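Listed below are the residues making up each chain.
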Amino acid sequence: MLCETMSRLIHQQRVVQGAVAPHAIPHQHIFDLDVDDDIWQDVGVMDNEADPPCWLADEVVRSGIHHILERGQCLEEEERLCHERCHIQEWLSSAWDAVCRLHHEYGELSGSCSIHY
């Protein structure tokens, strides 16, 4: 409703020249906002700027920002997976030691109980 009022005032030229009305956000989707939604665009906030900032207007810069963020997420995931691999290896080693002890105790193991990875 506020966005409609602002749009009407802009159309009637009853506001500062160059004013831009924000895009309306449907009430039912207020909690589904994404980083690329219109609410985060600050077009019209700075009256003295003739050109919008590169992160807003230049698609190459916007794409680059997304790629940098994605790279950071990939590096975080790689680190998490390395930790997970270490935990799995430790678990496997202790489980294998338990199996070897049981086989030695009952004399059923003929080979070595070393694990290589």
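The structure this text deals with has already been given above.
Note that the structure is a prediction, hence the values are computed from the model and not measured.

J.: Can you break down a nonpolar patch on the surface residue by residue, with the values?
T.: On the surface, a cluster of nonpolar side chains totalling about 470 Å² of accessible area is made up of Ile30, Phe31, Leu33 and Trp40. Following the sequence through the fold, leucine 33 ends up in the loop between α1 (2–11) and α2 (54–57). A relative accessible area of 31% places leucine 33 in the partly exposed class.

J.: Lay out the pattern of salt bridges with the relevant residues and their values.
T.: Think of it this way: side chains of opposite charge can pair up when their charged atoms draw near. Counted according to the given criterion, the structure contains two salt bridges. The salt bridge partner of arginine 62 is glutamate 59, with a shortest N-O separation of 3.9 Å. Residue arginine 62 and its partner glutamate 59 are both found in helix α3 (residues 59–106); the two are separated by three residues, about one turn of the helix. Put simply, arginine 80 and glutamate 77 hold a salt bridge, and the shortest N to O gap is 2.7 Å. Remark: glutamate 77 and arginine 80 occur in helix α3; sequence separation between them is three residues, near one turn of the helix. Glutamate 77 gets classed as partly exposed once you look at its relative accessible area, which sits at 34%.

J.: A description of unusual backbone geometry should follow, citing residues and the corresponding values.
T.: In this model, glutamine 13 sits at a positive phi of 60 degrees, which is unusual for a non-glycine residue. Secondary-structure assignment places glutamine 13 in the loop between α1 and α2.

Scoring rules and cut-offs
Residues numbered from 1 in each chain as written. Predicted model: local features only at pLDDT ≥ 70, side-chain atom pairs only at ≥ 80, totals over all residues. Heavy atoms only, no water. Patch = residues over 30% accessible without salt bridge, like charges linked within 9 Å, V, L, I, M, F, W, Y side chains within 5 Å. Areas by Shrake-Rupley, 256 points an atom, 1.4 Å probe, with all protein chains shown as cover. Salt bridge = Lys/Arg side-chain N within 4 Å of Asp/Glu carboxyl O. Helix = DSSP H or I, 4+ residues; strand = E, 2+ residues; numbered from the N terminus. Buried < 20%, exposed > 50% of the residue type's maximum accessible area, 1.4 Å probe, protein only.

The values are spatial; any link to function lies outside them.
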